[in-house]
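One-letter residues, chain by chain:
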Amino acid sequence: DRLISIIEKYKVSPSLINLEITETASIHTRTVLESNMKKLIEYGFTFSLDDFGKGESNLMYMVQMPVSIVKLDYDMSKAFFNSDKARHVVRAVVNMAHKMNMKLVAEGIETKYEMDHISKEGIDYIQGYYYAKPLPQMEFLNFIYGKMKHTNVG
C-alpha cells in the first residue's frame, strides 16, 4: 500500500517499475510475498527474480513465482565463459525462460568480449561494468541524460 501511495503521489506509472526479489527472500516469507506481488502486479508493476543460479537456485521459482524477468547471477554469467557445463545451463535457462515468455538479464558483464558473446545466446538485457559502474544519484542522472542525447530519446 505504501509503494502504491508513493507512485500515485508522484504520478509515476507502475509499468515503469520492475521490482527485484531474491530466491532466499521468498523462501522465508513466501505467502506474504506472493500476496503482495499479486496486488502489485494487478496494479501494473513487474517483478524480476534476482540472483538466479546462486546458492539454492530452484527451477520451481521460475514456475511458481509471478516474475517476468530472470536475472542470471554474476557467478553464473562468469561461469558461462569458463565452463562447458555452465554454458549448457545458461542456454537451457534462456530456452526455458523464453518459452515461458520471460526475459533474461545477465549480470556482471564487464568487457566487450563478454557482452558480444553472452548477447549471442539470446540474453535480453545485459547488466554490468561494461556499461557503467554503480553511480551516485546525480552522476547517474547525468549519465542517463548523456545517453539520451546520443540516441535522440527524450
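Rules used throughout
Residues numbered from 1 in each chain as written. Predicted model: local features only at pLDDT ≥ 70, side-chain atom pairs only at ≥ 80, totals over all residues. Heavy atoms only, no water. Helix = DSSP H or I, 4+ residues; strand = E, 2+ residues; numbered from the N terminus. Buried < 20%, exposed > 50% of the residue type's maximum accessible area, 1.4 Å probe, protein only. Polar contact = N/O pair within 3.5 Å; in protein donor to acceptor, adjacent residues only side chain to side chain. Contact = heavy atoms within 4.5 Å. Pairing = 2+ DSSP bridges. Phe/Tyr/Trp six-rings, centres within 6.5 Å; stacked < 30°, edge-to-face > 60°. Salt bridge = Lys/Arg side-chain N within 4 Å of Asp/Glu carboxyl O.

Peer 1: Which parts of the structure should I look at to understand the side chain of Lys71?
Peer 2: Within the fold, Lys71 resides in strand E3 (residues 69–72). With a relative accessible area of 4%, Lys71 lands in the buried category. Polar side-chain contacts of Lys71 include one of 2.9 Å to the side chain of Gln127. Here Lys71 is in contact with Glu20, Ser48, Leu49, Asp50, Asp51, Phe52, Val105, Glu107 and Gln127, once residues within four sequence places are set aside.

Peer 1: Would you take a moment to explain the sheet that holds strand E2 (residues 46–52) for this structure?
Peer 2: Consider a sheet: its strands pair through backbone hydrogen bonds, and that pairing is either parallel or antiparallel. Strand order in the open sheet made by the five strands is E1-E2-E3-E4-E5, with parallel pairing throughout. The open sheet has two free edges, formed respectively by strand E1 (18–22) and strand E5 (125–126), since each of these has just one partner strand.

Peer 1: I'm lost on the environment of Arg2 in this one. Help?
Peer 2: Its location among the elements puts Arg2 in helix H1 (residues 2–9). The spatial distance from the C-alpha of Arg2 to the C-alpha of Gly44 is 15 Å, given a sequence separation of 42 residues.

Peer 1: I'm lost on the packing of aromatic side chains in this one. Help?
Peer 2: When we look at a pair of aromatic rings, we describe it by the centre distance and by the angle of the planes. On inspection of all chains with the given rule, the structure shows four aromatic pairs. Relative to Phe81, the ring of Phe80 lies with its centre 5.1 Å away and its plane at 85 degrees, an arrangement referred to as edge-to-face. Residue Phe80 is classed as buried on the basis of its relative accessible area of 3%. Summarising the aromatic geometry, the rings of Tyr130 and Tyr131 are spaced 4.9 Å apart at their centres and angled 80 degrees between planes, so their arrangement reads as edge-to-face. On the basis of relative accessible area, Tyr130 is assigned to the partly exposed category, the value being 30%. We classify Tyr131 as partly exposed; its relative accessible area is 43%. These aromatic residues form a ring-pair network of at least three members: Phe80, Phe81 and Tyr113.

Peer 1: Teacher, can you tell me more about the environment of Phe140 here?
Peer 2: With respect to the helices and strands, the residue Phe140 is situated in helix H8 (residues 137–151). For Phe140, a relative accessible area of 41% puts it in the partly exposed group. Linking Phe140 and Thr29, residues 111 residues apart in sequence, is a C-alpha distance of 33 Å.

Peer 1: In this structure, what is going on with the pattern of salt bridges? I would like to understand it.
Peer 2: Within this structure, the stated rule accounts for nine salt bridges. Here Lys78 and Glu110 are joined by a salt bridge, their closest N and O atoms 3.4 Å apart. Of the two residues, Lys78 sits in helix H5 (residues 74–80) while Glu110 sits in the loop between strand E4 (103–106) and helix H7 (112–119), which places them 32 residues apart along the sequence. Using a relative accessible area of 15% as the deciding quantity, one classes Lys78 as buried.

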